[in-house]
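Summary of the model geometry
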Amino acid sequence: MAERTIEEKNKWQLQPICKSCFYRRELRGFKYAVKDWLNTCCCYILIEGQLRGCQPHGNYCERYKPRPKRKGLD
């Protein structure tokens, strides 16, 4: 079996911009309760009803939408 290149490996890794994106959501019904980014995915297609059509790279994604600020408990 051929070794994958660094570009191929990085293509499917979680990009830094995804961690603060509105469309990054937890997968419901995941068998194991994991408190990190392993059980999350980009839910752009579920929320907007169309394919994302782009690949995030580092700190840029065409479909990036920041998460809304949470209101504090005052």
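Keep in mind it's a predicted model, so treat the numbers as computed, not measured.

Observations regarding the overall build of the chain
- Within the chain, the secondary structure is distributed over two helices and two strands.
- Going residue by residue from the N terminus, the α and β elements of the chain occur as α-β-β-α.
- The buried share of the chain, reckoned over its 74 residues, is 18%.
- Look at the contacts in the chain between residues 6 or more apart in sequence, and 48% of them connect residues 24 or more apart.
- Working note: accessible area of the chain is about 6800 Å², and carbon and sulfur atoms make up 54% of it.

Remarks on the packing of aromatic side chains
- This model, assessed by the stated rule, comprises two aromatic pairs.
- On the numbers, 5.4 Å between centres and 75° between planes, the contact of F22 with Y23 is edge-to-face.
- Where Y23 meets Y44, the ring centres are 4.8 Å apart and the plane angle is 75°; that geometry is what we call edge-to-face. Taken together, the residues span a long stretch of sequence, with Y23 in the loop between α1 (6-11) and β1 (24-26) and Y44 in helix α2 (residues 44-48) at a distance of 21 residues. Exposure class is identical for Y23 and Y44. Each is buried.
- Pairwise contacts between aromatic rings join F22, Y23 and Y44 into one cluster.
- Directly above the aromatic system of F22 lies the positively charged group of R25, at a separation of 4.4 Å from the ring centroid.

Reading the values: the criteria
- Residues numbered from 1 in each chain as written.
- Predicted model: local features only at pLDDT ≥ 70, side-chain atom pairs only at ≥ 80, totals over all residues.
- Heavy atoms only, no water.
- Helix = DSSP H or I, 4+ residues; strand = E, 2+ residues; numbered from the N terminus.
- Buried < 20%, exposed > 50% of the residue type's maximum accessible area, 1.4 Å probe, protein only.
- Contact = heavy atoms within 4.5 Å.
- Areas by Shrake-Rupley, 256 points an atom, 1.4 Å probe, with all protein chains shown as cover.
- Phe/Tyr/Trp six-rings, centres within 6.5 Å; stacked < 30°, edge-to-face > 60°.
- Lys NZ or Arg CZ within 6 Å of the ring centre and 35° of its normal.

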